[in-house]
Amino acid sequence: MGEATETFYGVIRRQGITRRSFHKFCSLTATSLGLGSLAASQIANALETKPRVPVIWMHGLECTCCSESFIRSAHPLFKDVVLSMISLDYDAPIMAAAGHQAEAILEETRAKYKGQYVLAVEGNPPLNEGGMFCIDGGKPFVEKLRAMAEDSMAIIAWGTCASWGCVQAAKPNPTQATPIDKVITNKPIIKVPGCPPIAEVMTALVTFITTFGKLPELDRQGRPKMFYSQRIHDKCYRRPHFDAGQFVEEWDDESARQGYCLYKMGCKGPTTYNACSAVRWNDGVSFPIQSGHGCFGCSEDGFWDKGSFYDRLTTIKQFGIEANADQIGMAAAGAVGLAVAAHAAITAAKRLTGKRGRVAQEE
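Only a predicted model underlies this, so the values are computations on that prediction, with no experimental measurement involved.

(A) Seen up close, the environment of arginine 238. By the secondary structure assignment, arginine 238 is in the loop between helix 11 (225-228) and helix 12 (239-243). According to the relative accessible area criterion, arginine 238 is buried, its value standing at 6%. Along the chain, arginine 238 and leucine 262 lie 24 residues apart, while their C-alpha atoms are 8.3 Å from each other. Polar side-chain contacts of arginine 238 include one of 3.1 Å to the backbone oxygen of isoleucine 289.

(B) The packing of helix 6 (residues 99-112) against helix 7 (residues 141-150), seen in detail. Look at helix 6 against helix 7: their axes get within 10 Å of each other, and the N-to-C directions meet at 30 degrees. Taken together, the axis directions place helix 6 and helix 7 in an arrangement best described as roughly parallel. Handedness of the crossing formed by helix 6 with helix 7: left-handed. Residues Glu103, Leu106 and Arg110 of helix 6 pack against Lys144, Ala147 and Met148 of helix 7. Classifying every residue of the contact of helix 6 with helix 7 gives three nonpolar, no polar and three charged.

(C) Local environment of unusual backbone geometry. Between lysine 171 and the following residue, proline 172, the backbone shows a cis peptide bond with an omega angle of 5 degrees. Turning to its location among the elements, proline 172 is positioned in the loop between helix 8 (159-163) and helix 9 (180-183). With an omega of 0 degrees, the peptide bond between cysteine 195 and proline 196 qualifies as cis. Here proline 196 is to be found in the loop between strand 7 (189-192) and helix 10 (199-212). A positive phi angle, near 50 degrees, is found at asparagine 173, a position not held by glycine. One can find asparagine 173 in the loop between helix 8 and helix 9. A residue is classified by how much of its surface remains accessible, and asparagine 173, at 19% relative accessible area, is buried. Unusually for a residue other than glycine, arginine 280 sits at a positive phi of about 65 degrees. Here arginine 280 shows up in the loop between helix 14 (276-279) and helix 15 (325-362).

(D) A look at the sheet that holds strand 3 (residues 118-122). Sheet architecture is open: five strands sit in the order 2-1-3-6-7, paired in parallel fashion. Of all strands in the sheet, those bounded by a partner on one side alone are strand 2 (86-91) and strand 7. With strand direction ignored, the average angle separating the axes of adjacent strands in the sheet is 20 degrees. Alignment of strand 6 (residues 154-158) against strand 7, held across four bridges, turns out to be parallel. Residue pairing in the sheet places alanine 157 in a bridge with lysine 191 of strand 7. Against the sheet, helix 7 engages strand 1 (53-59), strand 2, strand 3 and strand 6, with an angle of about 165 degrees to strand 1.

(E) Local environment of the UniProt feature "binding site: [4Fe-4S] cluster 1" (unreviewed entry) in the protein. Per the UniProt record, the feature "binding site: [4Fe-4S] cluster 1" (unreviewed entry) sits at Cys63, Cys66, Cys161 and Cys195. Their sequence span is 133 residues, while the largest C-alpha to C-alpha distance among them is just 9.8 Å; these annotated residues converge on one region. Structurally, the position occupied by cysteine 66 is in helix 4 (residues 65-70). With sequence-adjacent residues up to four places away left out, cysteine 66 is seen in contact with Glu122, Trp158, Gly159, Pro196, Pro197 and Met202. Every residue in contact with cysteine 195, bar those within four places of it in the chain, is listed here: Cys65, Thr160, Cys166 and Cys298.

Rules used in this analysis
Residues numbered from 1 in each chain as written. Predicted model: local features only at pLDDT ≥ 70, side-chain atom pairs only at ≥ 80, totals over all residues. Heavy atoms only, no water. Helix = DSSP H or I, 4+ residues; strand = E, 2+ residues; numbered from the N terminus. Buried < 20%, exposed > 50% of the residue type's maximum accessible area, 1.4 Å probe, protein only. Polar contact = N/O pair within 3.5 Å; in protein donor to acceptor, adjacent residues only side chain to side chain. Axes fitted to C-alpha atoms, helices over the stretch in contact; angles between N-to-C directions. Parallel < 35°, antiparallel > 145°, perpendicular 65-115°, else oblique. Left-handed = near helix turned anticlockwise from the far one by under 90°. Contact = heavy atoms within 4.5 Å. Nonpolar A, V, L, I, M, F, W, Y, C, P; charged D, E, K, R; others polar. Pairing = 2+ DSSP bridges. UniProt positions renumbered as here; feature names shortened; annotations may be inferred.

Rendered as structure tokens:
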């Protein structure tokens, strides 16, 4: 992969990339991060002058879907991130070395870049039976995780497995699969939940750390605000149908063909924080709701234990502009009428009380 001390710009120039193409890349990267034109210059300066960040990518209990998503990034491309922007020194599924050679590389990277490398973790460690349900290199994964975390600069918890536990931690959780932040408590941890996370979210996070040399602003649950500050519902293109009270009642009914809101079919968009409706998948082509299926809420904690994916679990109240305008108008008129009647009754009662008081004084 090359030395981590070499800059990104040095690597791409050696590969024959022109300076014009480099600046175009920086502009596209700034745009994908939602940053302004000034940020493009900052990105260019950082990639020209700062050494590449060493990254160790470890795998616990997981299905590798986060890696599968990561390699499909379009902005920036996966090859640019892995071969040029960072120094990916250890990642068992894609590295050429295996067995003792791979373990030697892991220990060498840990010693050489102590306190400088980012530890990316996909999956989670099982704690039951001393961690025996996930053995990596002849050792329980939890032991290797703790050892590598000790000398890391920061930890990225890729996906819902690492962030919340996911299906491995679903009840009754026989292996005691545990989220990363419950095992490592003395290091900054960035949670990037999703099953899997969006590819561009993953590569954008790596780009941000590489460029600015710091962690992005996180919310109270440890997620990057730039991607997890809004609900999918907030930017969903079907939101107007939700507000209008227009819902799909059965799969493949006329409302489904019209593209109405999927909330009644179990869509968890109103309670799920992620960038799916804004960034979308496969180079911005689509996302689950656009394909006709409701959101599972896969980036939220405990989504496997919240019942069927098709159950309407939330109690979100919609206004129903078109479907319920008459009812709302009648209800409002009725409320005004009741208020007037109540005011009249109170006034009459006060008058009656006052009259009785005057009669009693005259007697």
